[in-house]
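The chain contents come next:
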Amino acid sequence: MTDPAVDPARNPTGPAPRGLDLDRLAAYLSTHLPELVTGPLSARLVTGGRSNLTYLLRGGDREVVLRRPPLGHVLATAHDMAREHRVISALAPTEVPVPGALLFCPDDEVIGAPFYLMEKVDGVVYRSRSQTDRLTDGQRRDLALAMMDTLAALHTVEPAAVGLADFGRPDGYLARQVRRWAGQLDRSRSRPLPGIDELRDALAGSVPEGANAGRIVHGDYRLDNLLAAVGPVAVRAVLDWEMATLGDPLADLGLLLTYWDVLGDSDAAEGNPVADGLGPRAGFPAGAELIDRYAGHGDVDVGPLHWHVALGCFKLAVICEGIHYRHTLGQTLGGGFDRIGELVAPLVEHGLHAVREN
């Protein structure tokens, strides 16, 4: 992963970053992946991620990626390492680019939480305007279209063909999403959130049938969950599969449009690490063009997306509120978390507008 967001402050010979116990990890790997431990272990935190923690782990001449849940206040099932490891293992032989899975450890005695290791993939995670502004107009457009082609490829994978027939419960997926994120909201409340309960109730009272249910859904598909390359433009790997399941692919589209058109056009998102560098304001094509590209490269009936955008707004508002709550407790690593709470209000406002339009 050639990623400018790797924390440069990590001294390879100094203490381990928070969230890792390198002595315990080295002892575990010496038994389960001895080819990695050919020298002292060192680790660097990859900053920029807002949920699960990602580290570059080096042992001898080899560098791999370690993923573990966040510290402290962790919402049940929202940071499931086993799911991430299983889905990238299953997708390895498909056209969906994923890092190679190396090892899964369910034992939280090793570093304090379950974790997995995957191969490092060369590429760039585009997280900010300082990065995307360096791209040409053509590169930005090609990158956005490649993002949609990759999502269409994911949604055309037959779950049973890759061993994921039991990866989720497609029936009732959208209604469960509303209930799930409502429950996450109740466990993350730390301040008044005007309008969010109204949005929750409006979504619960208008759930669509979900005719496309049964596809593999990423759950948080967006530009900065991709490792990309330019010259030529390509998606090298899709990352952050912690919320993947079987469900309605329109949920992925609705959330993507929430990042792209809602936050990408919000004053609150300017300079904010969740949405900075996305959408038409940053010189990318509008969401409508992205949806047209997706529809032309897959077999999903797209149809109206107002309800799914409203769900995306609600889901992302809850995620941001959870991150805000962890930040107030001092349980976040890296920078940029102090502003994430500012996004909740505009997300709720747009979600209410979208669900009424639906």
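Everything that follows concerns the structure shown earlier in this document.
Residues numbered from 1 in each chain as written. Predicted model: local features only at pLDDT ≥ 70, side-chain atom pairs only at ≥ 80, totals over all residues. Heavy atoms only, no water.

A. Region of the structure containing the sheet that holds strand β5 (residues 115-119). One open sheet accounts for five strands, arranged β1-β2-β3-β5-β4; its pairing is antiparallel. The open sheet is flanked by β1 (41-45) and β4 (101-105), the only strands paired with a single partner. Each strand of the sheet is rotated relative to its neighbour by a mean of 25°, with strand direction disregarded. Taken together, the four bridges between strand β3 (residues 62-68) and β5 define a ladder with antiparallel strand orientation. The residue of β5 that forms the bridge with V64 is E119. Along the sheet, helix α1 (residues 22-32) makes contact with β1, β2 (53-59), β3, β4 and β5, crossing β1 at roughly 120°. Lying on the sheet, helix α2 (residues 81-91) is in contact with β3, β4 and β5; it crosses β4 at an angle near 155°. (Pairing = 2+ DSSP bridges. Helix = DSSP H or I, 4+ residues; strand = E, 2+ residues; numbered from the N terminus. Axes fitted to C-alpha atoms, helices over the stretch in contact; angles between N-to-C directions. Contact = heavy atoms within 4.5 Å.)

B. Representation of the pairing of β3. When you tally the buried positions in β3, you get six out of seven residues, the bulk of the element. Two strands pair when backbone bridges link them, and β2 and β3 are joined in this way by seven bridges, in the antiparallel orientation. Residue pairing across strands places T54 opposite R67, the latter belonging to β3. Counting the residues that bridge the hairpin from β2 to β3 gives two residues, and of these G60 lies at a positive phi of roughly 70°. (Buried < 20%, exposed > 50% of the residue type's maximum accessible area, 1.4 Å probe, protein only.)

C. Examining the environment of E35 more closely. Position of E35 relative to the elements: it lies in the loop between α1 and β1. The exposure class assigned to E35 is partly exposed, which follows from its relative accessible area of 45%. The spatial distance from the C-alpha of E35 to the C-alpha of R62 is 9.1 Å, given a sequence separation of 27 residues.

D. Here's a closer look at the layout of surface pockets. Quantified by volume, the largest pocket comes out at close to 300 Å³. Considering the residues around the largest pocket, the lining is formed by 14 residues, among which R83, R176, Q177, R180 and T245 are closest to the centre. Those elements that place two or more of their residues in the lining of the largest pocket are α5 (173-188) and β9 (245-247). Here the lining of the largest pocket gets four residues from one element, more than from any other, and that element is α5. Broken down by class, the residue content of the lining of the largest pocket amounts to four nonpolar, four polar and six charged. Together, 14 residues line the second largest pocket, and P208, L250, V302, P304 and H308 are the ones closest to its centre. Classifying every residue of the lining of the second largest pocket by side-chain character gives six nonpolar, five polar and three charged. (1 Å grid on protein atoms, 1.4 Å probe; cavity = no way out; pocket = protein on both sides within 12 Å on 5 of 7 lines; lining within 4 Å. Points joined across faces, edges and corners; volume = space filled by probe spheres on them. Nonpolar A, V, L, I, M, F, W, Y, C, P; charged D, E, K, R; others polar.)

E. Spotlight on the pattern of salt bridges. Scanning all chains against the criterion turns up 22 salt bridges. Among the ionic pairs, E84 bridges to R67, the shortest N-O distance being 2.7 Å. Within this pair, whereas E84 is found in helix α2, its partner R67 is found in strand β3, the two being separated by 17 residues in sequence. Assigned by exposure class, E84 and R67 land together as buried. Between E321 and R191 there is a salt bridge whose closest N-O contact spans 2.8 Å. Remark: R191 occurs in the loop between α5 and α6 (196-204) and E321 occurs in helix α9 (residues 306-328); sequence separation between them is 130 residues. Owing to a relative accessible area of 30%, R191 belongs among the partly exposed residues under this scheme. (Salt bridge = Lys/Arg side-chain N within 4 Å of Asp/Glu carboxyl O.)

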